[in-house]
Amino acid sequence: MQSKPVCRTCPTHVQGAIREDATLANITWLHHWGLTEDYPSSGWRKAHRDVVVPIYLGVRKSAGLLPLSGLHPLAPRIPRNGTFLFSGRICGDHSLPDPEKPWPHCATRRSPGYSQGARQLVHFHHSQRPGYKVMVKNKEYQVDLINYKWCLAPSGGGHGHRQVLVAAMGCLPVVVSDLVMQPFEPEMDWSAFSLRVEQKDVPTLHEAIEAVDEHKYEEMQDALRCAAQHMIFSTMSGAFMQEDGKWDAFGFVLEILRMQQGHPGLHPSKYAEVDEQYRELPAEGSEPEPPLPLCSMSLWDPEQVRCSKVGHRERVHHSYIPGGAACVMHKNLAECPRLWE
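This is a predicted model, so every value here is computed, not measured.

Draft legend 1. Layout of the environment of Ser127. Of note, Ser127 is situated in the loop between helix 2 (118-126) and strand 4 (132-135). When its relative accessible area of 13% is taken as the criterion, Ser127 is described as buried. Along the chain, Ser127 and Phe86 lie 41 residues apart, while their C-alpha atoms are 9.4 Å from each other. Not counting chain neighbours up to four residues away, the residues in contact with Ser127 comprise Val122, Tyr132 and Val134. One polar contact links the side chain of Ser127 to the main-chain carbonyl oxygen of His123, over a distance of 2.7 Å. Among the polar contacts listed, one links the side chain of Ser127 to the side chain of Gln128, at a separation of 3.4 Å.

Draft legend 2. Representation of the sheet that holds strand 6 (residues 172-176) within the structure. The five strands are arranged 4-3-5-6-7 in an open sheet whose pairing can be described as parallel. Of all strands in the sheet, those with a lone pairing partner are strand 4 and strand 7 (195-196), marking the two edges. As judged from the five bridges shared by strand 5 (residues 148-154) and strand 6, these two strands associate in the parallel manner. Note on strand 6: the bridge partner recorded for Pro154 is Val176. Packed onto the sheet, helix 4 (residues 162-169) meets strand 3 (82-87), strand 5 and strand 6 and runs at close to 165° relative to strand 5.

Draft legend 3. Region of interest: the state of the cysteines. Under the defined criterion, the tally for this structure stands at two disulfides. Residue Cys91 pairs covalently with Cys106 via a disulfide, S to S 2.0 Å. Disulfide Cys91-Cys106: the torsion about the S-S bond is -90°, which places it as left-handed. Note that Cys91 is positioned in the loop between strand 3 and helix 2 and Cys106 in the loop between strand 3 and helix 2, a separation of 15 residues in sequence. Exposure class is identical for Cys91 and Cys106. Each is buried. Two residues share a disulfide in this structure: Cys151 and Cys171, whose sulfurs sit 2.2 Å from each other. Disulfide Cys151-Cys171: the torsion about the S-S bond is 100°, which places it as right-handed. Taken as a pair, Cys151 in strand 5 and Cys171 in the loop between helix 4 and strand 6 lie far apart in primary sequence, 20 residues in all. In this structure Cys151 comes out as buried when scored by relative accessible area, which is 1%.

About the thresholds
Residues numbered from 1 in each chain as written. Predicted model: local features only at pLDDT ≥ 70, side-chain atom pairs only at ≥ 80, totals over all residues. Heavy atoms only, no water. Helix = DSSP H or I, 4+ residues; strand = E, 2+ residues; numbered from the N terminus. Buried < 20%, exposed > 50% of the residue type's maximum accessible area, 1.4 Å probe, protein only. Contact = heavy atoms within 4.5 Å. Polar contact = N/O pair within 3.5 Å; in protein donor to acceptor, adjacent residues only side chain to side chain. Pairing = 2+ DSSP bridges. Axes fitted to C-alpha atoms, helices over the stretch in contact; angles between N-to-C directions. Disulfide = S-S within 2.5 Å.

In short, shape yes, function no, at least from these values alone.
Structural data, given as structure tokens:
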């Protein structure tokens, strides 16, 4: 179930929480918003309950981007020479930030709690820094996502989508979202492939980035290739890095539900220790194995295996009910049909 918060300018007005109700106590909540405590300055209320799931990156969010993912095995290995990237809305009042203006570089101070103030802070402290590209509109965004090493992954008016998008493009996320659990956290260890910076440390964000040496960066890139497969609903939209879809976002949700059902109360960090099937999740650094069971959304794949060629939401050689549609009316989501069965 999705809980979408509504931001207000009044710091004492908070909305968007999953309501506390005894009749709902035995429900497992699947939602996009992982806020673990009230955040009054942004008008947000605690919403995290059970499983934070990634948003579905449909055409509006990913058109022209995911098909060029740098994680694809056939993507050109372009050196990531840029250091830090963000492109998107910065000011809560929708104005264009102006470095000549005082804090927060915006036309007004309306909606200061937008993105917890993180986007404004990053622009204020780093938009003029060499190697850093922080802007609202960026005609080179497609190319930049495979040219920059680190990408800001903030909240927005509530949960964001860039955490998933930049990860799927191969740019390591820099998460500036205090008190917010990220998609599939703690089921996935975000520290293995992202950098988390608290809002109070944004002025020295560049120092945290510089502290990651080349060897550590490559280790995090390897971990990202694994994690990104779990954050995209490939069985609905098609493969973006020749993944087989077995452990896409939908498959991972089912696996988490199975673990919660079979091992109630066990912390997610222990799942792999006690369950053999869970250990079969792609290991960090593992590469997807061909042949492609899914049609491909990627421009790096030949035309004959693309979703646009063989039919949207179909396997290359076999028709298949996509993603969650396979579980419609099924009595037990943890046991509904899987793509690979």
